[in-house]
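Observations on the model geometry
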Amino acid sequence: MSEMINLGDVLRSHVSVREFENRPVEKDVRDRILTAAFAASSTCFLQLIDVIRVTDPEKRQALMHLSGEQSHVAAAPEFWVFCADYRRDAQLVPEADLGWTEQLVASCLDAGICAQSAMAALEAEGLGGVFVGGLRNGIEEVDKLLQLPQHVVPLLGLSFGYPAYKNELKPRLPQAVTVMENNYCEVNPETIADYDARMREYFASRSRNPREDTWINGISGILKRERRPFVREFLQKKGFAVK
Ligand SMILES: Cc1cc2nc3c(=O)[nH]c(=O)nc-3n(C[C@H](O)[C@H](O)[C@H](O)COP(=O)(O)O)c2cc1C
C-alpha cells in the first residue's frame, strides 16, 4: 500500500461489505487497524473499550446463530467484538462509583468511535466490513460465550476481510434534512418524499437483492417493532445504568 490514501475519500465511499474472499487478513494489517482503532478519542481518557477477536470456529458458529443467522459472522476472515469495560478501571480504583447511566452512554460512544475508526482504517487498507449490532439479539448468551465478567458488556460486532462483493453506495438523507444551523428545524416533507423516491429507485436497481421498497417503509417496520426488551435487565445485571 504505497499510494497516498485520502481519508475523506475513504469515508465518502463507505459501503457495508458482507461477502468476503477466502483470504486471511495479514497480522501487520490487523495490527495497523487496531492501532488506528485505539488511537480514537476516549471519554476522560478512561480507555473503556476492549476488542475481542474471535478465532475459535465453534464460537464463530455460535455467534452467527446468536446474531440472527448472519452468515458473515461465521464466514468472514475476521470477527471482532467491541465491549464496554469498566472492570479494568474499577480494579485499579476500588472506590470507583459505577452504575451511572451516564457511564453507559460514555462507553457506548467510545465503543462506536473506536469501532468506526477500525472501519475507516480497514477500508483504507482495501478491506471491507459490516458492523453487527445483531449480536445484541443474544446479548446474554454472547456475554457468557465470551466469558465477560461483571462491568463488561458486548456492544457491537465487526465482520471484515477482503471484499468479494461491494454494494452500490446507499443514498443518505439530504443534508437539508440532517444539518441545521443554530436551532432545530422541522423536516420539509417534500424533501423527504424526494429522498424516498431516490431510495425506491436505489432498491429497485441495485445489483444484489433488488426489491420494491422505500426507506420509510423500512424504518417503519423497524420502529414499530419491540426492540430487544431484555437488554435493559441484562445491562443492569452487569452493573450498568442502575442509577
Ligand atoms: C451500530 C450498527 C449496527 C449494525 N448492525 C448490522 C447488523 O447486525 N447486520 C447488518 O447486516 N448490518 C448492520 N449494520 C449496517 C447497516 O445496516 C448499514 O450501515 C446501513 O444499512 C447503511 O448501509 P451502508 O453501510 O452500506 O452504507 C449496522 C450498522 C451500525 C452502525
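In what follows, the structure referred to is the one given above.
Everything in this summary refers to the structure shown in the same document. (Residues numbered from 1 in each chain as written. Predicted model: local features only at pLDDT ≥ 70, side-chain atom pairs only at ≥ 80, totals over all residues.)

**Comments concerning the overall build of the protein chain**
In plain terms, the rule: Secondary structure elements follow DSSP: runs of H or I of four or more residues count as helices, runs of E of two or more count as strands, with numbering from the N terminus. Our radius of gyration is a C-alpha quantity, and the globule rule it is checked against amounts to 2.2 Å times the number of residues to the power 0.38. With C-beta atoms placed from the backbone, a residue is labelled by how many other C-beta atoms lie within 10 Å of its own: buried for 20 or more, exposed for 12 or fewer, partly exposed between the two. Working definition of a contact: two residues with C-beta atoms, positioned from the backbone, lying within 7 Å.
Along the backbone of the protein chain there are 11 helices and 6 strands. The C-alpha radius of gyration of the protein chain comes to 19 Å, within 12% of the 18 Å expected for a compact globule of 243 residues. Relative to its full complement of 243 residues, the protein chain shows a buried share of 27%. Expressed as a percentage of contacts within the protein chain between residues at least 6 apart in sequence, the contacts between residues at least 24 apart total 79%.

**A short note on the site of the ligand**
Quick reminder of the rule: Residues are counted as near a molecule or strand when the C-beta atom, derived from backbone positions, lies within 6 Å of that molecule or strand. Note that Gly is not counted as nonpolar here; it falls among the polar residues with everything else outside the nonpolar set of Ala, Val, Leu, Ile, Met, Phe, Trp, Tyr, Cys and Pro and the charged set of Asp, Glu, Lys and Arg.
In the vicinity of the ligand, 13 residues are found, and the nearest of them are V15, S16, F131, G133 and G134. Looking at which element gives the most residues to the shell around the ligand, the answer is strand β4 (residues 128-132), with 3 residues. Considering only residue class, the shell around the ligand consists of 5 nonpolar, 6 polar and 2 charged.

**Focus on unusual backbone geometry**
One non-glycine residue, H151, adopts positive backbone phi at about 70°. Mapped onto the fold, H151 is located in the loop between α7 (139-145) and β5 (152-161). Even without being a glycine, N182 presents a positive backbone phi close to 70°. Mapping N182 onto the fold places it in the loop between α8 (175-178) and α9 (189-205).

**Digging into the environment of I5**
Looking at the secondary structure, you find I5 in the segment before α1 (7-12). Residue class for I5 comes out exposed when judged on the 12 C-beta atoms lying within 10 Å of it. Those residues within four positions of I5 in sequence are excluded, and the remaining contacts are V10 and A124.

**Digging into the packing of helix α2 (residues 27-38) against helix α6 (residues 101-124)**
Geometrically, a packed helix pair is captured by the angle between its two axes and the distance between the axes. The criterion, for reference: Interaxial angle, 0 to 180 degrees, is taken between N-to-C directions of lines fitted to C-alpha atoms, where a helix line uses only the stretch in contact. By the definition used in this description, the sense in which the near helix is turned from the far one sets the handedness, with an anticlockwise turn below a right angle giving left-handed and a clockwise turn giving right-handed.
Taken N-terminus to C-terminus, the directions of α2 and α6 make an angle of 140°; their axes are 7 Å apart at the nearest point. Seen along the crossing, α2 lies across α6 with a hand that is right-handed. Packed against α2, whose contacting residues are R32, I33, A36, A37 and F38, the element α6 presents C114, S117, A118, A121 and L122 at the interface. When its residues are assigned to classes, the contact of α2 with α6 shows 8 nonpolar, 1 polar and 1 charged.

**Side note on the pairing of β5**
Put simply, the rule reads: Any two strands with at least two DSSP bridges between them are considered paired.
Judged by how many residues are buried, β5 sits mostly within the fold: 10 of 10 residues are covered. In the sheet, strand β3 (residues 78-85) pairs with β5 via 8 bridges, with the strands oriented antiparallel. Looking across to β5, one finds that E78 is bridged to F160. Inspection of the sheet shows β4 paired to β5 by 5 bridges, in the antiparallel sense. Directly across from F131, in β5, lies its bridge partner L158.

**A look at the nonpolar core**
Put simply, the rule is: A set of buried residues drawn from Ala, Val, Leu, Ile, Met, Phe, Trp, Tyr and Cys, joined through C-beta atoms within 7 Å, is what defines a nonpolar core.
In terms of nonpolar packing, the biggest core is built from 41 residues, with F82, C83 and A118 touching the most fellow members. For this core, the secondary structure elements donating two or more residues are α2, α3 (57-66), α4 (71-75), β3, α6, β4, α7 and β5.

**Some words on the environment of E78**
Looking at where E78 falls in the secondary structure, it is placed in strand β3. On the neighbour-count criterion, E78 (20 C-beta atoms within 10 Å) is buried. Counting along the chain gives 15 residues from E78 to L63, while the straight-line C-alpha distance between them is 13 Å. The contact partners of E78, leaving out residues within four places of it in the chain, are V25, F160 and G161.

**Details of α6**
Let me state the cut-off plainly: Expected helix span is computed as 1.5 Å times (number of residues minus one).
With 24 residues, α6 should reach 34 Å at 1.5 Å per residue; the first-to-last C-alpha distance of 35 Å fits that figure. Q103, L104, S107, D110, A111, C114, A115, A118, M119, A121, L122 and E123 are the residues of α6 that are buried. One or two steps after α6, the chain reaches G126, where phi turns positive at roughly 90°.

**Notes on the sheet that holds β4**
If you walk across this open sheet you meet the 4 strands as β2-β3-β5-β4, and the pairing is antiparallel. Both edges of this open sheet fall to β2 (49-53) and β4, since each of them pairs with a single strand only. When strand polarity is set aside, the average angle formed by the axes of neighbouring strands in this sheet is 25°. Relative to the sheet, α6 contacts β2, β3, β4 and β5, its axis offset from that of β5 by approximately 10°.

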